[in-house]
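# Report on the structure
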Amino acid sequence: MAEKLHLTGCLPEELAAFFVEIGEPKYRAMQVFKGLHERRLHDFEEMTDLPKALRAKLQETATCSILTVESRYISEDGTRRYLMTTHDGFPVETVYIPTESRDTICFSSQSGCPLKCDFCLTAKLGLLRNLTAGEIVEQIILVLNDVYGVGVETPHGTNLVAMGAGEPFLNFENLIKALEIMSNEEGLFIVPNRVTVSTAGIVPKIYELAAIERRPHLAISLSAPDNELRDRLMPINKRWNIDEVMKAAKVFEKSLKRGERFTFEYVQLGGVNDSDEHAYELADLVNRYKLNRVKINLIPHNPAEQLDYHPPDNFQVDRFKEILESSGVSAYVRRPRGRDIYAACGQLAAKQERNE
Ligand code: SAH
């Protein structure tokens, strides 16, 4: 049997083509699009504005839900981690992070990850496979439904970050398509301006993103100020080194909108890349390439048993930040969320124990 079409991953024009193909009027496309994304229904049967016969036909030929939530973990800080599986059995992890002013959903772009960043637990999985656009969108829908309830309007101001499992720029097409679907006014209406994509430094895609008019914000994971150390921590540096990343960042910077900035992420590994010298070197690097619309997010390492690193001293984190700032580089410390449930950065690797 041919695989059923996952309608959640279709753009409105693709839905229109699908309805024509099954001998239905085109206008059904927008009805279903709204049902899937605005009302976040995950069963055609709930789309009672469609004729019964059409619902039955859709049930036969298409699907609106292909991910299964296996477990949900809730942190003492309110963060929720969802372990989902694809129809072919691959793990997908998504994290919901509430804050006072707005909520953020951190989604995965791949199951596993092919990059071998030495400090990241997801790397241990290797790449399992790229997620489809529909699987990316459905993660967001499932989380919103769990947190707010089916049919409840998506809160204005919900932010998305592509910082879950995987390297989003190695699944660029599906990622961009998913973002386009989610930005539709008649659907989730989460515009690119509310989305941040994080890359380990897939340089050609940084240039590609720079050329896109309506695009998400960019974060680049740097985590070392020199090639020798970065080669060791992030082997992708052997393919595109710091100089190449910086040149791409400069081009990206020139394409920023008024008031917009971009980000370098710097995972701080105690005793490895967090010394005063590293901070001076990092500031020097940013200043040498004349990057003046960048902020640095310092992410204290989230430990895991299989990782050979430990978090930095709090005192040193503050010092590192002060050194950067006194050298004219803005820096922020990202305090971990959901560490107790393995939901923090770099900890996503399908740990299965339930906590509820
Ligand atoms: N592949 C992309 C996005 C996923 S990771 C990237 O590398 O940017 C999101 C962020 O978590 C990255 O900045 C990554 O360096 C960071 N990270 C990975 N493992 C971590 C860990 N154990 N502790 C803290 N941050 C980590």
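Worth saying up front: this structure is predicted, and the values here are computed from it rather than measured.

### Focus: the sheet that holds strand S5 (residues 91-98)
- The 10 strands are arranged S3-S4-S5-S6-S9-S10-S11-S12-S13-S14 in an open sheet whose pairing can be described as mixed. In this open sheet, the two edge strands, each paired with only one partner strand, are strand S3 (68-74) and strand S14 (330-333). Each neighbouring strand pair of the sheet contributes to a mean axis angle of 20 degrees, computed without reference to strand direction.
- By the bridge criterion, 3 bridges tie strand S11 (residues 217-221) to strand S12 (residues 262-268) in an arrangement that is parallel. Residue Ala219 lies in a different strand from S12, and its bridge partner there is Thr263.
- Its contacts with the sheet put helix H10 (residues 314-326) on S12, strand S13 (294-300) and S14, and the angle it makes with S14 is roughly 165 degrees.

### With respect to helix H8 (residues 242-254)
- Look at H8: 18 Å from first C-alpha to last across 13 residues, which is about the 18 Å you get at 1.5 Å a residue.
- All of the buried residues in H8 are Ile242, Val245, Met246, Ala248, Ala249, Phe252 and Glu253. An end-on view of H8 places all buried positions within 165 degrees of arc, on one side of the element.
- In this fold, the buried residues of H8 make contact with helix H6 (203-210), S11, helix H7 (227-233), S12, helix H9 (276-288) and S13.

### Some words on the side chain of Thr154
- Looking at the element boundaries, Thr154 is found in the loop between helix H4 (133-148) and strand S9 (159-162).
- In this structure Thr154 touches Arg40, Leu144, Leu188 and Ile190, once residues within four positions along its chain are discounted.

### Details of the environment of Arg81
- Note on placement: Arg81 falls in strand S4 (residues 80-85).
- Arg81 sits in the buried class, given a relative accessible area of 1%.
- Sequence-wise, Arg81 and Phe320 are 239 residues apart; in three dimensions their C-alpha atoms are separated by 30 Å.
- Among the polar contacts made by the side chain of Arg81, one reaches the side chain of Glu93 at a distance of 2.5 Å.

### A word on the domain arrangement of the protein
- When cut into domains, the protein gives domain 1 (5-63) and domain 2 (68-341).
- On the domain 2 side, the residues contacting the 17 residues of domain 1 number 23 residues.
- Carbon and sulfur atoms make up 57% of the area that domain 1 and domain 2 hide from each other, which totals about 1600 Å².
- For the domain 1 face of the interface with domain 2, the top three residues by lost area are Leu11, His37 and Arg40, together amounting to 40%.
- Linking domain 1 to domain 2 there are 2 salt bridges.
- For Lys177, the salt bridge is made with Glu14, and the minimal N-O distance between the two is 3.0 Å.

Cut-offs applied
- Residues numbered from 1 in each chain as written.
- Predicted model: local features only at pLDDT ≥ 70, side-chain atom pairs only at ≥ 80, totals over all residues.
- Heavy atoms only, no water.
- Pairing = 2+ DSSP bridges.
- Helix = DSSP H or I, 4+ residues; strand = E, 2+ residues; numbered from the N terminus.
- Axes fitted to C-alpha atoms, helices over the stretch in contact; angles between N-to-C directions.
- Contact = heavy atoms within 4.5 Å.
- Expected span 1.5 Å × (residues − 1).
- Buried < 20%, exposed > 50% of the residue type's maximum accessible area, 1.4 Å probe, protein only.
- Arc of directions from axis to C-beta.
- Polar contact = N/O pair within 3.5 Å; in protein donor to acceptor, adjacent residues only side chain to side chain.
- Domains from an automatic or database assignment.
- Buried area = accessible area lost by both parts, 1.4 Å probe.
- Salt bridge = Lys/Arg side-chain N within 4 Å of Asp/Glu carboxyl O.

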